[in-house]
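Residue strings, one per chain:
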Amino acid sequence: MSDSSPASAPASTPVSASPAVVLDVWCELQCPDCRSALDDLRALRERYGDRLELRLRHFPLEKHKHAFAAAQAAEEALEQGKGWPYVEAVLGRVEELSREGEPFLVEIAGELGLDAEEFDTALIDGRHILIVDADQAEGKAIGVTGTPTYVIGGERLDGGKSQEGLRERIEEIADRLLAGAK
């Protein structure tokens, strides 16, 4: 059987579906610049729908005391099915995270209807540390120095200094990649 036959296609992907373009978003949940980027991310989701896969990548910065715990909490939210809603809720209230720390992360989980007790346990047992560490190591390896940083089509766009024009640049790259995928 040939590798290109429909029978060898993964069951979860219809053969006729165009592959999604992946946008890796290197983010830190205690970062005011990442909060500012939310409007761009929402606009990109609205414009592209499922043709653009937004992947949260963790890059906690040492200057933010609760960023590493927040990254682990985001992974727990992802596991419980509400990754992006959780990320948006925490980023919307970065000052509270700065003041209150881990109890705030558990509180947000409860507000979103997630299993807050499981969040607390996940933060204690560190079950998501390896994912956060791996993201951070990969980020450093590709030159991420601040957040937000985007990677799309092999191109790294640094939003930590300025987000001016970044959404337009992401759209240009996404449009080119999507046109090439047809």
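A brief report on the enclosed structure follows. (Residues numbered from 1 in each chain as written. Predicted model: local features only at pLDDT ≥ 70, side-chain atom pairs only at ≥ 80, totals over all residues. Heavy atoms only, no water.)

**Looking at the sheet that holds strand β3 (residues 149–152)**
Then comes step 1: Taken in spatial order, the 4 strands of this open sheet run β2-β1-β3-β4, and their pairing is mixed. Two strands bound the open sheet, and with one partner strand each, they are β2 (52–58) and β4 (155–158). Taken pair by pair, the neighbouring strands of this sheet meet at an average axis angle of 20°, ignoring direction.
Then comes step 2: Sheet topology places β3 next to β4; 4 bridges connect them, and they run antiparallel. Bridge pairing in β4 places Val151 opposite Arg156.
Then comes step 3: Across the sheet, helix α7 (residues 129–141) is in contact with β1 (21–27) and β2; its angle to β2 comes to roughly 100°. (Pairing = 2+ DSSP bridges. Helix = DSSP H or I, 4+ residues; strand = E, 2+ residues; numbered from the N terminus. Axes fitted to C-alpha atoms, helices over the stretch in contact; angles between N-to-C directions. Contact = heavy atoms within 4.5 Å.)

**A closer look at helix α6 (residues 116–125)**
Then comes step 1: Those residues of α6 lying buried are Phe119, Ala122 and Leu123. The buried residues of α6 occupy one face: seen down the axis, they fall within an arc of 95°. Turned more than 90 degrees away from the buried face of α6 sit Glu117 and Ile124, all of them exposed.
Then comes step 2: Tucked inside the fold, the buried residues of α6 contact α2 (67–79), α3 (83–91) and α5 (102–111).
Then comes step 3: With a side-chain oxygen positioned 3.2 Å from the backbone nitrogen of Glu117, the residue opening α6 is Asp115.
Then comes step 4: The first or second residue beyond α6 is Gly126, which carries a positive phi of 65°. (Buried < 20%, exposed > 50% of the residue type's maximum accessible area, 1.4 Å probe, protein only. Arc of directions from axis to C-beta. Polar contact = N/O pair within 3.5 Å; in protein donor to acceptor, adjacent residues only side chain to side chain.)

**Describing the pattern of salt bridges**
Then comes step 1: Within this structure, the stated rule accounts for 20 salt bridges.
Then comes step 2: Arg35 serves as the salt-bridge partner of Glu95, at 2.9 Å between the closest nitrogen and oxygen. Residue Glu95 is found in helix α4 (residues 94–100), and its partner Arg35 is found in helix α1 (residues 32–48); the two are separated by 60 residues along the sequence.
Then comes step 3: Taking the relative accessible area as the measure of exposure, Glu95 reaches 42% and is therefore partly exposed.
Then comes step 4: Assessed through its relative accessible area of 27%, Arg35 is described here as partly exposed. (Salt bridge = Lys/Arg side-chain N within 4 Å of Asp/Glu carboxyl O.)

**Points about the state of the cysteines**
Then comes step 1: In total, this model carries 0 disulfides according to the counting rule given.
Then comes step 2: As a non-bridged cysteine, Cys27 has Cys34 as the owner of its nearest cysteine sulfur, 3.6 Å distant.
Then comes step 3: When its relative accessible area of 7% is taken as the criterion, Cys27 is described as buried.
Then comes step 4: Cys34 supplies the cysteine sulfur nearest to Cys31, a cysteine that is in no disulfide, at a spacing of 3.7 Å. (Disulfide = S-S within 2.5 Å.)

**Let's talk about the environment of Arg99**
Then comes step 1: Within the secondary structure, Arg99 sits in helix α4.
Then comes step 2: Overall, the relative accessible area of 61% leaves Arg99 in the exposed class.
Then comes step 3: Measuring from C-alpha to C-alpha, the distance between Arg99 and His66 comes to 9.3 Å, with 33 residues separating the pair along the chain.

**A word on the pairing of β2**
Then comes step 1: Across the 7 residues that make up β2, a large majority, 5, are buried.
Then comes step 2: This β-α-β element, β1 to α1 to β2, shows right-handed connectivity. (Right-handed = clockwise from strand over helix to strand, strands pointing away.)

**Digging into the nonpolar core**
Then comes step 1: Judged by nonpolar contacts, the single largest core of 44 residues is most densely connected at Leu23, Tyr86, Leu105, Tyr150 and Ile152.
Then comes step 2: Those residues in contact with Leu105 that sit more than four places away from it in its chain are Ala69, Ala70, Ala73, Tyr86, Val90, Leu97, Phe119 and Leu123.
Then comes step 3: One finds Trp26, Phe59, Leu61 and Val144 within the second-largest nonpolar core, a separate group that totals 5 residues. (Core = buried A, V, L, I, M, F, W, Y, C linked by side-chain atoms within 4.5 Å.)

**So, the environment of Asp120**
Then comes step 1: Relative to the helices and strands, Asp120 is located in helix α6.
Then comes step 2: As for Asp120 and Val106, which are separated by 14 residues in sequence, their C-alpha atoms are 6.2 Å apart.

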